[in-house]
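Report on the structure
Letter by letter, the chains look like this.
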Amino acid sequence: MIRSALAFLCVLTLTPALAAEPLGPPGAPAADFPRPDRPVAEIVAPLWASEKQRDAVDEVGQVARLMGIAPGESVADIGAGSGYYVMRLAARVGPQGRVYAQDVTPRYIADLEARIAKAGVTNVTVVRGEPHDPRLAPGSLDAAVLVHMYHEIVQPFGLLHNLAVAMRPGGRVGIVDADDVPARHGTPPALLACELSAAGYRQTGFTTLTGGVGYLATFEAPAAEARPDPRAIKPCRDETTRRSNGRR
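Residues numbered from 1 in each chain as written. Predicted model: local features only at pLDDT ≥ 70, side-chain atom pairs only at ≥ 80, totals over all residues. Heavy atoms only, no water.

Once that is clear, we can look at the sheet that holds strand 1 (residues 74–78). Taking strand neighbours across the sheet as the criterion, the seven strands line up as 3-2-1-4-5-7-6 in an open arrangement whose pairing is mixed. Looking at strand neighbours, the two that pair on one side only are strand 3 (124–128) and strand 6 (202–208), the edges of this open sheet. Adjacent strand axes in the sheet meet at a mean angle of 20°, parallel and antiparallel pairs treated alike. Pairing of strand 1 with strand 4 (residues 141–147) involves four bridges; the strand directions are parallel. Pairing of valine 75 across the sheet is with alanine 143, part of strand 4. This element, helix 5 (residues 106–119), spans strand 2 (98–103) and strand 3 of the sheet and lies at about 170° to strand 3. (Pairing = 2+ DSSP bridges. Helix = DSSP H or I, 4+ residues; strand = E, 2+ residues; numbered from the N terminus. Axes fitted to C-alpha atoms, helices over the stretch in contact; angles between N-to-C directions. Contact = heavy atoms within 4.5 Å.)

Given below as C-alpha cells:
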C-alpha cells in the first residue's frame, strides 16, 4: 500500500502541467480565404528588441494610452512571444482585468507559462491558437494587440475574420509594426490598412511611435455578422514590395 501510494505520488510529480489550450471553438478554416499578395516573413525570435531598450522609450505605455487600455479591461496579445507586452498590460488592466497571452509556437507558449508562474501574475491566461485563428472565446475582448508580427501571419484574412468573433462591440485592435516591406519584417501602412479593410475593419488612427519602435495603427473590429464572406475577400496588391524588387 505504501509503495503504491509513493508510486502514485511520483507519477503526479513527474506529470507535466497541462499545456495551454484554445478557449474558443474553431472559426472559419484557412482554406476559405485568399492568400495575401505579399511575402510572409519567418518567425525568427520571440522578442524583436531588448526589453530594456523598449522600456526606455515607454513602448507599451505609448500603445496603451493611444488605445485607451484601462483597468478592468480584457486584452489579448496575439503572438505574445516572450511576454513583454503581456507582463506590462497585466499591470495596467489590474486585478479586475485580464490579459490573454496567445501564441502558436509551442516553445514560446511554454516559456510564457513559466514566466507568468515565476512572476506570480494571476490575471493572465495563456492561449494556444492556430496561425489563422486565435481561438479566443466569443465576445471576450475589449482590445487586442498584434506587435511586430503582422508580417509573419500566413493567413491574415482568416486571423482577422476569426479574431472579430472574440471582440466585444466597439472592440479595438492595435497593430504595431515597422514601415517596411514584409521581407524585412515590416508592413507598409497602406497595405496594412487595405488588408484590414478587406476583412471588414475600420481604421480609427495611425501614429508613429517615438523611440524608433515603429507605428501603431488602430482599428475597430466588425461585428461578427458584419464580416465579409471569406470567399468574397480580395487580396490587396503589395505595391511596395513590387517597387523594391523593380517589378510592376
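There's more to say after this.
This part takes up the nonpolar core. Core analysis: the largest hydrophobic core is formed by 29 residues, its most contacted members being Val63, Ile69, Tyr85, Val86 and Leu89. At seven residues, the largest contribution of residues to this core is made by helix 4 (residues 84–93). Setting aside residues up to four positions removed in sequence, tyrosine 85 forms contacts with Arg54, Glu59, Val60, Val63, Asp77, Val145, Val147 and Val176. Core analysis: the second largest hydrophobic core is formed by 27 residues, Ala76, Ile78, Leu192 and Leu196 among them. (Core = buried A, V, L, I, M, F, W, Y, C linked by side-chain atoms within 4.5 Å. Buried < 20%, exposed > 50% of the residue type's maximum accessible area, 1.4 Å probe, protein only.)

Of the residues in the chain, 88% reach a pLDDT of 70 or more, and the chain-wide mean stands at 89. The low-confidence segment residues 1–18 (pLDDT under 50) makes one contact with residues lying over four places distant or belonging to another chain. (pLDDT = per-residue confidence, 0-100.)

Moving on, we get to the pattern of salt bridges. What the rule picks out here adds up to 14 salt bridges. A salt bridge links arginine 88 to glutamate 51, with the nearest nitrogen and oxygen atoms 3.2 Å apart. With arginine 88 in helix 4 and glutamate 51 in helix 2 (residues 51–56), the pair connects residues that are 37 residues apart, well separated along the chain. On the accessibility criterion, arginine 88 (24% relative accessible area) is partly exposed. In this structure, the salt-bridge partner of glutamate 51 is arginine 115, at a minimum N-O distance of 2.8 Å. With glutamate 51 in helix 2 and arginine 115 in helix 5, this residue pair connects regions lying 64 residues apart in the sequence. (Salt bridge = Lys/Arg side-chain N within 4 Å of Asp/Glu carboxyl O.)

Counting buried positions along strand 2 gives five out of six residues, so the element sits mostly inside the fold. By the bridge criterion, five bridges tie strand 1 to strand 2 in an arrangement that is parallel. Paired with serine 74 across the two strands is arginine 98, which belongs to strand 2. Direction of pairing for strand 2 relative to strand 3: parallel, over a ladder of five bridges. Paired with tyrosine 100 across the bridge in strand 3 is threonine 125. For the crossover from strand 2 across helix 5 to strand 3, the handedness is right-handed. (Right-handed = clockwise from strand over helix to strand, strands pointing away.)

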